[in-house]
Amino acid sequence: MLAFVVVVATAAAVAVMAAPDDTSDMQTFVARPHVEDTLYSVLRHTGADGVQQRFACVFKWLATGGSSEDWTLEHDIDADTGDVRCVVQRPNPPSYLLFSSFELSLKTPKGYRVRDVEVRDNDGAVDDARYVVARRTVRNNAAASDAPTAANYFAIGASKA
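Quick caveat: nothing in here was measured; it's all calculated off a predicted structure.

Engineer: Looking at this structure, I do not really get the pattern of salt bridges. What am I missing?
Structural biologist: Within this structure, the stated rule accounts for six salt bridges. Put simply, Arg85 and Asp116 hold a salt bridge, and the shortest N to O gap is 2.3 Å. One end of the pair, Arg85, is in strand β5 (residues 84–89); the other, Asp116, is in strand β7 (residues 112–121), and 31 residues separate them in sequence. Assessed through its relative accessible area of 23%, Asp116 is described here as partly exposed.

Engineer: When you look at unusual backbone geometry in this model, what are you seeing that I'm missing?
Structural biologist: Most peptide bonds take the trans configuration, and most residues that are not glycine carry a negative phi. Along the chain, Pro93 connects to Pro94 via a cis peptide bond; the corresponding omega equals 10°. Along the polypeptide, Pro94 turns up in the loop between β5 and β6 (98–107). Its identity is not glycine, yet His34 carries a phi of approximately 65°, on the positive side. Considering the arrangement of structural elements, one finds His34 in the loop between β1 (24–31) and β2 (37–46). Residues other than glycine seldom take positive phi values, yet Arg135 does so here, at roughly 55°. Among the structural elements, Arg135 can be located in the loop between β9 (131–134) and β10 (137–140).

Engineer: Quick question: what am I supposed to make of the state of the cysteines here?
Structural biologist: When the sulfur atoms of two cysteines share a covalent bond, that bond is a disulfide. The final tally for this structure, using the stated rule, is one disulfide. Between the sulfur of Cys57 and that of Cys86 lies a disulfide, 1.8 Å long from S to S. Between Cys57 and Cys86, the disulfide has an S-S torsion of -55° and is therefore left-handed. Of this pair, Cys57 sits in strand β3 (residues 52–64) while Cys86 sits in strand β5, and the two are 29 residues apart along the sequence. Here Cys57 falls in the buried class, since its relative accessible area comes to 0%.

Engineer: Whenever I open this one, the pairing of β7 confuses me. Can you help?
Structural biologist: Looking down a regular strand, the side chains alternate between one sheet face and the other. Bridge count between β7 and strand β12 (residues 153–160): eight bridges; the pairing is antiparallel. What sits directly across from Arg120, in β12, is Tyr153. Hairpin connection between β7 and strand β8 (residues 124–125): a loop of two residues separates the two successive antiparallel strands.

Engineer: Explain the nonpolar core to me, please; I cannot follow it from the model alone.
Structural biologist: Soluble globular proteins: nonpolar side chains tend toward being buried together. The biggest cluster of nonpolar side chains holds 29 residues, and the ones touching the most others in it are Phe29, Phe59, Phe99, Leu104 and Phe154. Going through the elements one at a time, β1, β2, β3, β4 (69–77), β5, β6, β7 and β12 are the ones with two or more residues in this core. Counting residues per element, this core draws most heavily on β3, which supplies five residues. Excluding its chain neighbours within four sequence positions, the residues that come into contact with Phe154 are Phe59, Trp71, Cys86, Val87, Val88, Phe99, Phe102, Leu104, Glu118 and Val119.

Parameters at a glance
Residues numbered from 1 in each chain as written. Predicted model: local features only at pLDDT ≥ 70, side-chain atom pairs only at ≥ 80, totals over all residues. Heavy atoms only, no water. Salt bridge = Lys/Arg side-chain N within 4 Å of Asp/Glu carboxyl O. Helix = DSSP H or I, 4+ residues; strand = E, 2+ residues; numbered from the N terminus. Buried < 20%, exposed > 50% of the residue type's maximum accessible area, 1.4 Å probe, protein only. Disulfide = S-S within 2.5 Å. Pairing = 2+ DSSP bridges. Core = buried A, V, L, I, M, F, W, Y, C linked by side-chain atoms within 4.5 Å. Contact = heavy atoms within 4.5 Å.

Encoded structure:
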């Protein structure tokens, strides 16, 4: 019985390593007022060294407002450079939601650094003081203000250092 378990576990490990690359994902979701939620996207990419790596995009939020809105999460990896980007946005602005909290994170292999961050509202770029960037995460800056952030676009990108 023990030999059977070992063979099954080995076959499962080979299947995971042999999974094809998945370098883009787009999800549509509904952001509801007064409902804290989290959305995940996981991609796989085989680098020039032949090693397959996993990349995740995680968006957590709590918003207030009058009604639910349709939003999208787009997550992609540049197959040539390995650069990764995650964008969460209202595809048909404006947005009437106010984010009490938000956090957009990239989970990458070691050696990746944030190359760009962008947060926009209905009028353009949100003041940098309204959010903080730490490691591979952008989140609301609760220390700067306890007022919610009006936003309709969140983006973070990372490159291998």
